[in-house]
Amino acid sequence: MKLNKPNLTRLAPEVALPAYALSATRHGIAHIGVGGFHRAHQAYYTDALMNLGEGLDWSICGVGLRAEDRRARDDLAGQDYLFTLFELGDTDDTQVRVIGAISDMLLAEDGTQVLIDKLASPDIRIVSLTITEGGYCIDDSSGEFMAQLPQIQHDLAHPNSPKTVFGFLCAALAKRRAAGISAFTLMSCDNLPHNGAVTRKALLAFAALRDADLRDWIAANVSFPNAMVDRITPITSSAHRLQLHDEHGIDDAWPVVCEPFVQWVLEDNFVNGRPAWEKVGVQFTDDVTPYEEMKIKLLNGSHLALTYLGFLKGYRFVHEAMNDPLFVRYMRAYMDLDVTPQLAPVPGIDLTQYKNTLVERFSNQAIADQLERVCSDGSSKFPKFIVPTINRLIADGRDTRRAALVVAAWAIYLKGVDENGNAYSIPDPRAEFCQALVVDDPLITQRLLEVEEIFGTAIPHSAEFVAAFEWCCNSLREHGVTRTLERVLAD
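Residues numbered from 1 in each chain as written. Predicted model: local features only at pLDDT ≥ 70, side-chain atom pairs only at ≥ 80, totals over all residues. Heavy atoms only, no water.

> For this particular structure, what's the right way to read the overall build of the protein chain?
Scanning the protein chain from N- to C-terminus turns up 21 helices and twelve strands. What you see for the protein chain is a C-alpha radius of gyration of 23 Å, in line with the 23 Å of a compact globule of 491 residues. When its C-alpha atoms are laid out on the principal axes, the protein chain stretches across 65 × 55 × 40 Å. In the protein chain, which comprises 491 residues, the share counted as buried stands at 57%. The contacts in the protein chain between residues at least 6 apart in sequence include a share of 78% that link residues at least 24 apart. Accessible surface, the protein chain as shown: approximately 18,700 Å² in total, 49% of it carbon and sulfur. The averaged location of the 65 negative side-chain charges in the protein chain is 2 Å from the averaged location of its 45 positive side-chain charges. (Helix = DSSP H or I, 4+ residues; strand = E, 2+ residues; numbered from the N terminus. Rg over C-alpha atoms; globule rule 2.2 N^0.38 Å. Buried < 20%, exposed > 50% of the residue type's maximum accessible area, 1.4 Å probe, protein only. Contact = heavy atoms within 4.5 Å. Areas by Shrake-Rupley, 256 points an atom, 1.4 Å probe, with all protein chains shown as cover. Lys, Arg positive; Asp, Glu negative; His and termini not counted. Charge placed at Lys NZ, Arg CZ, Asp CG, Glu CD.)

See below:
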């Protein structure tokens, strides 16, 4: 059955449908970067609130700034912006649910002014973002906004025909200010430490270069809540679409597949109202820092600890790595011995249970989470997910070999051939640059670790870490993944 509004009532009885009239909703949120995670997370929570008969004025208008967003828009538009949330787990408590919280999607290349006008509309009270870790244009080594980037320079020179998220946001906010329209809340949903603060720093840096008075108005009127967001959402594959069709009779061009687990801890800092998301499980707090640290260092850090080693071994799904007892032992050792001592107490969270849950979630075979997805954008992920842990280990004088193995595995992975001789591409915007760093084995340490925007300054100057990194690289080359894990765990 083709998914669209006329066919909703004809879907199988196990499929949960919107409990609200789709025609009764109106836009309150514009979301930039519509992908699987946004739809499985923010749109999921918004839809759940609407199912209670509330929040109907918080429908989401999607925004695409990239040419490749056209297919996503076309797929959604072809089914009245409905999509299926397809939970997959190793138990029977999963669900198949049609989400109606997104009701339009605008593309920048279809009309710059139309998009600016939408963002400037008084109906839009929240603009949210999933633009990836690297999309904020912050230099990880200096913490400064990278104003020299060509696309940023373009937007500064052509403020009325922007291409970047910062150009569009400033154009819309300038129009709101001129018209006396209240500012919106700018809410990041990306996996970044202090993502709201990062968003604020980037936007204010751009605005200062564009218009100092606008910068000051934004600083005084826009809020930037920090958030911890969590739900494993693999890339939707053809196999997923066929499974949804065969098991539940739904013909969906772009369903979203996700695990049953979902969490959102959000700073209650909104200048122009917000949905009552707390009624559907969102945890509001004054300080998300301990939750961020827990999630980024344990979940995201452990993901990277598994992913490059797993790919080198020849595995292609996360659950395949978790079916290998050596990988589970290594992940637990990394979490228990390296990360947990660095974490402050997390209100309402038992860290031991949280780590046990991570093992269960990563072992979810039904979801078939791709290692390639987790491998992607390593050059942006390392500074946020792994380097802070390593820096603390160095500062505390603790053993760094387990953490060094994460970096060494990435270095060997960048060569593009696993230990079975299978070649693969590197899914990273900086792939060519990163691969050039590992061409000559004798120079890998010098070239890779001294890339300051990835590894900072402490790591290349730590003799103990450098020695551990070189030991791990040599072991992976000479003995392979399994033997290296055995040696590291024996130590």
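> Any chance you could explain empty space enclosed by the protein here in plain terms?
The gaps left among the atoms become clear once a water-sized probe is rolled over them. Tallying each qualifying case throughout the model produces two cavities of 30 Å³ or more. Reported here for the largest cavity is a volume of approximately 40 Å³. In terms of lining, the largest cavity is formed by Ile-232, His-303, Val-318, His-319, Arg-361, Phe-362, Asn-364, Ile-367 and Asp-369. When residues of the lining of the largest cavity are traced back to their parent elements, those giving at least two are α11 (318–322) and α13 (351–362). Across the lining of the largest cavity, the residue classes tally to four nonpolar, three polar and two charged. Considered as a void within the structure, the second largest cavity measures approximately 30 Å³ in volume. Around the second largest cavity, the lining residues are Asp-190, Asn-191, Leu-192, Ala-227, Met-228, Val-229, Glu-292, Lys-295 and Ile-296. Counting residues per element, the ones that place at least two in the lining of the second largest cavity are β9 (227–230) and α10 (289–313). Residues of the lining of the second largest cavity, tallied by class, amount to five nonpolar, one polar and three charged. (1 Å grid on protein atoms, 1.4 Å probe; cavity = no way out; pocket = protein on both sides within 12 Å on 5 of 7 lines; lining within 4 Å. Points joined across faces, edges and corners; volume = space filled by probe spheres on them. Nonpolar A, V, L, I, M, F, W, Y, C, P; charged D, E, K, R; others polar.)

> Mind showing me how you'd approach the nonpolar core here?
Within soluble globular proteins, side chains that are nonpolar generally end up buried alongside one another. Core analysis: the biggest nonpolar cluster contains 129 residues, and Trp-264, Trp-277, Phe-382, Trp-410, Tyr-413, Phe-455 and Phe-469 have the highest contact counts within it. Ranked by residue count, the leading element in this core is α10, at twelve residues. No fewer than three residues from each of domain 1 (5–286) and domain 2 (289–489) sit in this core. Once residues lying within four places of it in the same chain are set aside, the contact partners of Trp-277 are Ile-29, Gln-42, Tyr-45, Thr-46, Leu-49, Ile-126, Met-187, Trp-264, Leu-266, Phe-270, Val-282 and Phe-284. Membership of the second largest hydrophobic core comes to 43 residues, among which are Ile-32, Val-127, Leu-129 and Ile-138. (Core = buried A, V, L, I, M, F, W, Y, C linked by side-chain atoms within 4.5 Å. Domains from an automatic or database assignment.)

> I'm lost on the sheet that holds strand β11 (residues 263–267) in this one. Help?
Backbone hydrogen bonds hold the strands of a sheet together, and the pairing may be parallel or antiparallel. Overall, mixed pairing links the three strands, which are arranged β9-β11-β12 in an open sheet. A single partner strand is all that each edge strand has here, and the edge strands are β9 and β12 (283–285). Pairs of neighbouring strands in the sheet enclose a mean axial angle of 20 degrees, with direction left out of account. When β9 meets β11, the two strands line up antiparallel, connected through four bridges. Residue pairing in the sheet places Ala-227 in a bridge with Leu-266 of β11. Against the sheet, α10 engages β9, β11 and β12, with an angle of about 40 degrees to β9. (Pairing = 2+ DSSP bridges. Axes fitted to C-alpha atoms, helices over the stretch in contact; angles between N-to-C directions.)

> I tried to follow the layout of surface pockets on my own but got confused; where do I start?
Estimated volume of the second largest pocket: approximately 180 Å³. For the lining of the second largest pocket, the class distribution of residues is two nonpolar, four polar and five charged. Counting contributing residues, the lining of the second largest pocket receives three or more from each of domain 1 (5–286) and domain 2 (289–489).

> Is there a simple way to think about unusual backbone geometry in this case?
With the exception of glycine, the majority of residues adopt a negative phi angle, and the majority of peptide bonds are in the trans configuration. For Cys-137, which is not glycine, the phi torsion reads 55 degrees and is therefore positive. Here Cys-137 is to be found in the loop between β7 (126–129) and α5 (150–157). Residue classification places Cys-137 among the buried positions, given a relative accessible area of 8%. Its identity is not glycine, yet Asp-377 carries a phi of approximately 55 degrees, on the positive side. The residue Asp-377 is located in the loop between α14 (371–375) and α15 (378–385) in this model.

> In this structure, what is going on with the packing of aromatic side chains? I would like to understand it.
Aromatic ring pairs are described here by two measures, namely the spacing of the ring centres and the angle between the planes. Inspection of the entire model under this criterion finds 15 aromatic pairs. Aromatic pair Phe-311 and Tyr-424: ring centres 4.8 Å apart, planes at 70 degrees, arrangement edge-to-face. A residue pair is termed long-range when its members are at least 10 positions apart, and Phe-311 in helix α10 and Tyr-424 in the loop between α17 (401–413) and α18 (431–437) qualify at 113 residues. The exposure classification of Phe-311 matches that of Tyr-424, with both residues buried. Taken together, the aromatic side chains of Tyr-308, Phe-311, Phe-382, Trp-410, Tyr-413, Tyr-424 and Phe-455 make up a single cluster linked through ring pairs. The ring of Trp-254 is capped by Arg-39, whose NZ or CZ atom sits 3.6 Å from the centre of that ring. For the cation-ring pair, Arg-316 lies above Phe-311, with the distance from its terminal atom to the ring centre recorded as 3.7 Å. (Phe/Tyr/Trp six-rings, centres within 6.5 Å; stacked < 30°, edge-to-face > 60°. Lys NZ or Arg CZ within 6 Å of the ring centre and 35° of its normal.)

> In this structure, what is going on with the sheet that holds strand β10 (residues 256–258)? I would like to understand it.
Reading across from one edge, β1-β5-β4-β10 is the order of the four strands in this open sheet, with mixed pairing throughout. On the outer flanks of this sheet lie β1 (15–16) and β10, each paired with one strand and no other. Of the strands in this sheet, β4 (83–87) and β5 (96–99) are in contact with helix α2 (residues 42–50), which crosses β5 at around 85 degrees. Sheet strands in contact with helix α9 (residues 238–248) are β4, β5 and β10, and its direction is about 90 degrees off that of β4.

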